[in-house]
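The residues making up each chain are set out below.
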Amino acid sequence: MQNEYRYVIGLMSGTSLDGLDLVYVKFNNFDTKDFSIVHAETQPYSLKWKSDLKESITFSKSELKKLDDDYGIYLGKCVNKFIARFSIQEIDFIASHGHTVFHQPDQGITLQIGNGKKIAEVTKLKVVCDFRSQDVALGGQGAPLVPIGDELLFSNYDYCLNLGGFANVSYVENRQRIAFDICPVNIVLNFYTRKLGFEFDESGNIAASGTVNFQLLNVLNQLSFYSKSPPKSLGLEWVQEEIYPLINDLETDVPTILKTFVKHSAYQISKVIKKSNTILITGGGSFNTYLISEIEKNIDSKIEMAPKLLIEYKEALIFAFLGLLRLNGQVNCLRSVTGAKNDHSSGVVFNP
C-alpha cells in the first residue's frame, strides 16, 4: 500500500531542562496502534543552554527573538547529529514541541521557542511545530496536548499519568477524554535538589531521608489551583509565584522540603487516580521509587511500570504523532481536554 508507513523524528524539551529528547518513530499511517520507537536518545544541554532556557522568562522581546532563532538552529544541529549517529535514511518530517518560555493561557499567552523555519533550513527537512498557539487562540489552555496520543495509541489504559516537570493525567469520563495538569513534580524537586549539588534526587533517596513539615504540607494542599475544575494547566510562572515563596517562608532544610513535596504530589495525584490495575506512568518521575511508593500507598494499588523506552520518550513520541495527525489533516487537539471552542488540527508547517 502506498505510503503505508511514515518515518518521523520527534523533539521534546521539558521544564526540568534534562536535555533534548529525540525519537525516530515508524508509524503505520492507517493503523495508529501500529508504531515503534526505532531510535531514541537525550542530548544533554550545555551549561550555557541550560542557563539561557532557564532565564528566558526574563528576556526582552528582542532577546527572545534571537533566542528563538538560535535555539531553532541548535535543534536542527541536534537532529543532524541524531540522524548521523543512527545512520537514519528515511525521514518524512520532524515534529518539534520547542521549549516553553511562557504559558499563561488565561491571558491568551503561550510561547514555545525553537524557530521551525530555522530547523527546516538546517536539516533540509519538513518541520511541524508550534502546536499550542492555535488552541489558545481558540480559547483553550493550549495544554495538555499529549491526550490525543493517549486516546489513539494507549486506550487500553484506564489512566495515563506523566510525571515530568508537572504531573498530568489523561482518562476517559462519560465517553470523553479528560486531561489536565495535577500538580508540580520534578520542576520543584529538582530545583531544591540542585541546592545540594545534584541534578535530581536519585530514586527519591534524599526525600525519603527527610521529615515532613506538616504546616507546609497543609498550606500546599490548600492552594486554590487544586480546587479548580479542568481544563486547567500549570506553568513555571505559577510555580515561581505560588510554590517557591511558600516553601521558602516555611522551610529551609532540603531533605524536609523534598519529603514534604513528595507527600504533597502523591496526595494530589491520588485524589485523581482511582484504584486501577492499568495505569501507564511515564516521565522522569517514574524512576523516583519513593514518589511511586507514596502514590501506591495512597491509592492502595500496585503500579506496573511501563517499558523504560516508553517512560523516557513518550512525550517526544506523541509530538511526532501530533505532527503526523496535522499533516494528515486530522484532529490533534481535543476541546474536551483544553477547553477550546472546538476540536482542531494544530501545528505550523515549514518546508525546507
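What this report covers is the structure whose coordinates are included nearby. (Residues numbered from 1 in each chain as written. Predicted model: local features only at pLDDT ≥ 70, side-chain atom pairs only at ≥ 80, totals over all residues. Heavy atoms only, no water.)

## Comments concerning the overall build of the protein chain
Within the protein chain, the secondary structure is distributed over 13 helices and 12 strands. Along the first, second and third principal axes, the C-alpha set of the protein chain runs to 60 × 45 × 40 Å. Within the protein chain, the fraction of its 352 residues that count as buried is 56%. Across the protein chain, every contact between residues at least 6 apart in sequence was considered, and the portion connecting residues at least 24 apart equals 70%. For the protein chain, the distance from the average site of its 35 positive side-chain charges to the average site of its 39 negative ones is 2 Å. (Helix = DSSP H or I, 4+ residues; strand = E, 2+ residues; numbered from the N terminus. Buried < 20%, exposed > 50% of the residue type's maximum accessible area, 1.4 Å probe, protein only. Contact = heavy atoms within 4.5 Å. Lys, Arg positive; Asp, Glu negative; His and termini not counted. Charge placed at Lys NZ, Arg CZ, Asp CG, Glu CD.)

## Observations regarding the sheet that holds strand E4 (residues 93–96)
With mixed pairing, the six strands of this open sheet are ordered in space as E3-E2-E1-E4-E7-E12. What marks the edges here is a single partner per strand, and that holds for strand E3 (35–43) and strand E12 (348–350). When strand polarity is set aside, the average angle formed by the axes of neighbouring strands in this sheet is 20°. Summarising the sheet, strand E2 (residues 20–28) and E3 pair through eight bridges and their orientation is antiparallel. Bridge pairing links Leu22 to Glu41 in E3. Against the sheet, helix H12 (residues 308–327) makes contact with strand E1 (5–13), E2, E3, E4, strand E7 (127–129) and E12, and its axis sits at roughly 60° relative to E2, the strand it touches most. (Pairing = 2+ DSSP bridges. Axes fitted to C-alpha atoms, helices over the stretch in contact; angles between N-to-C directions.)

## Topic: the sheet that holds strand E11 (residues 279–282)
Strand order in this open sheet of four strands is E10-E9-E8-E11, and the pairing throughout is mixed. In this open sheet, the two edge strands, each paired with only one partner strand, are strand E10 (176–184) and E11. Sheet twist, expressed as the average angle between the axes of neighbouring strands with direction ignored, equals 15°. With five bridges joining them, strand E8 (residues 159–163) and strand E9 (residues 166–173) adopt antiparallel strand pairing.

## What to know about unusual backbone geometry
The amide bond that connects Ala143 to the next residue, Pro144, takes the cis arrangement and shows omega of -15°. Examined against the element boundaries, Pro144 turns out to sit in the loop between helix H4 (133–137) and helix H5 (147–153). Geometrically, the link from Pro230 to Pro231 is a cis peptide bond, its omega value of 5° lying close to zero. In this structure, Asn174 is a non-glycine residue whose phi angle is positive, near 50°. In this fold, Asn174 is placed in the loop between E9 and E10. According to the relative accessible area criterion, Asn174 is exposed, its value standing at 71%. Backbone geometry places Asp300, a non-glycine residue, at a positive phi of 55°. Within the secondary structure, Asp300 is located in the loop between helix H11 (289–299) and H12. According to the relative accessible area criterion, Asp300 is exposed, its value standing at 55%.

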